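Take a look at the letters that make up each chain.
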Amino acid sequence: MPRSRSTRLTGAAGRRTPGPAGGRAPAPDGPGARRRAGPTAALDLALQGGGSHGAFTWGALDRLIEDDGIPIAGVSGTSAGALNAAVMASGWAQGGRAGAREALRAFWLDVAGQGACFGSPATGWPHVFGINPFAGLGPAALDAGPVFAWLQPFLRAFSPYQFNPFDLNPLREVVQRHVQPAALREGPLELFVTATAVRTGQPRVFQRTDLSIDALLASACLPQLFRAVVVDGEPYWDGGYSGNPAIWPLIYETDALDVLLVRINPLVRPDTPDTADEIADRVNEITFNAGLVSEMRAIAFVQRLVHEGRLAEGAYKDLRLHMVADDEGLAPLHPSSKLNTDRAFLERLHALGREAAARWLRRHRADIGRRATLDPAATFLAPRRVETAR
């Protein structure tokens, strides 16, 4: 990828790379998990969206940032990934690494207490009727409940402009409690949040200088469940339609060469969907992965040209890509579970994400600044073998 003006120079003036901050973290995740080597090269983070499955990313971040030997330079996020990024950056600005971890935990527990933050079909019901028909479902997929099944034809027949005339969004109050835009502007982390312009279909990447609560809500706005969020006179929908997450802002706007993707959306489903709901869910998954796959194709192409010596030395970044994921843990979850904000379910996802990050650190922490541990061509572009579920 071509270098920006700042990345053509080594250690561009004015860019701050956060170093160790905050207090000691709690007990490690098993023998040898906290390999405290000296400070490594700076790391950028790219965080996918996926509704309440973003709690997996919470767990991954919780484990990554407790290692104070890994400097974090920038974070790019979409939808739930954007919320994780903004909450983490707010906490970091005010209390270092420990503050970031505390902020993430407080945010997700608030989500659990609020109810329909990620567009449950009962969006707005806790405010209007004092009822959340999905409370107590725990880790179960919402499609197992009769209310969910009853609401599906309702949602296909009416838009949020009709069934939510007062434009109620339970997520707004939660985000306002946990994100301080002023702190983001003063904090050490570069921040990039993607939303999709409704009228042009193009991505807009908000940075910490222009990031607002509305911009975060726009990045997490599913149009089937929420009205478009207007920012600067332009209506926006979920950023996943145009970049989930966007990698290119990290390429152009930070000096780091190591980029760690936290992926939560499955690339492969073993079975062919055959109900209307399953078809719609799979279409959404494919759509929300398409932007990432396209960026990985471009990155792989540039990497090949760089390695073949066909590009001027220093003109393009030769990224070192890494990935934290857990398809075995997340893929079996029904897509409707992305709407489930039950505390037990969110904490289960947090545990999965934390363990996935711990595994990656045990295997690859020493590779940061030295070599890539993710081959974008092999992971995202090569034909995938699919084993039919039994």
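Residue indices begin from 1 for each chain and proceed along its sequence in written order. In keeping with the predicted nature of the model, local features appear solely for residues at pLDDT of at least 70, side-chain atom pairs appear and are counted solely at 80 or more, and the whole-chain, interface and lining totals rest on all residues. Side-chain measures here rest on the full set of heavy atoms in the structure, leaving out hydrogens and waters.

(A) Geometry of the side chain of Arg320. By definition, any uninterrupted DSSP run of H or I lasting at least four residues is a helix, any uninterrupted run of E lasting at least two residues is a strand, and each is numbered from the N terminus. Tracing the backbone through its elements, the reader meets Arg320 in strand S8 (residues 320-324). Given a relative accessible area of 17%, Arg320 falls into the buried group. Residues are treated as being in contact if the distance between any of their heavy atoms lies within 4.5 Å. Not counting residues up to four positions away in its chain, the partners in contact with Arg320 are Leu257, Asp258, Val259, Gly369, Arg370, Arg371 and Ala372. Exposed residues in this analysis have more than 50% of their type's maximum accessible area, buried residues have under 20%, and partly exposed residues fall in between, with area computed by a 1.4 Å probe over protein chains only.

(B) Structural context of the pattern of salt bridges. The working definition used for a salt bridge is a side-chain nitrogen of Lys or Arg within 4 Å of a carboxyl oxygen of Asp or Glu. Counted according to the given criterion, the structure contains 23 salt bridges. Arg63 is the salt-bridge partner of Glu66, the closest N and O atoms lying 3.3 Å from each other. For the pair shown, Glu66 and Arg63 are each scored as buried. A salt bridge links Glu347 to Arg105; the nearest nitrogen and oxygen atoms lie 3.8 Å apart. Of this pair, Glu347 sits in helix H12 (residues 343-364) while Arg105 sits in helix H2 (residues 80-114), and the two are 242 residues apart along the sequence. Accessibility expressed as a relative area gives 30% for Glu347, which makes it partly exposed. The network of salt bridges with common partners includes Asp62, Arg63, Glu66, Arg101 and Arg354.

(C) How the structure looks around the nonpolar core. Buried Ala, Val, Leu, Ile, Met, Phe, Trp, Tyr and Cys residues form a nonpolar core when they are joined through side-chain atoms within 4.5 Å. Ranked by internal contacts, the top residues of the largest apolar core, which has 67 residues, are Leu45, Val75, Met88 and Leu216. Examining the composition of this core, we find that 15 residues originate from one element, H2, more than from any other. Setting aside anything within four residues of it in sequence, one finds Leu216 in contact with Ala82, Leu83, Ala86, Val175, Val179, Val193 and Leu211. With 18 residues, the next largest nonpolar core counts Ala46, Ile247, Leu261 and Leu321 among its residues.

(D) Geometry of the side chain of Thr196. With respect to the secondary-structure elements, Thr196 resides in strand S3 (residues 190-197). Taking the relative accessible area as the measure of exposure, Thr196 reaches 6% and is therefore buried. When residues no more than four places from it in sequence are discounted, the contact partners of Thr196 are Gly201, Gln202, Pro235, Tyr236, Trp237, Asp238, Gly239, Tyr241 and Ser242.

(E) Here's a closer look at unusual backbone geometry. Here the bond from Asn244 into Pro245 is cis, since omega is -5 degrees, no more than 30 degrees from zero. Mapped onto the elements of the fold, Pro245 is located in the loop between strand S6 (234-238) and helix H9 (248-253). One non-glycine residue, Asp167, lies in positive phi territory at about 55 degrees. With a phi angle near 55 degrees, Asp232 is a residue other than glycine that sits in the positive phi range.

(F) Representation of the environment of Glu347 within the structure. Along the primary structure Glu347 and Arg105 are separated by 242 residues, whereas in three dimensions their C-alpha atoms are 9.7 Å apart. Sequence-distant contacts of Glu347, defined by excluding residues within four places in its chain, comprise Arg105 and Leu109.

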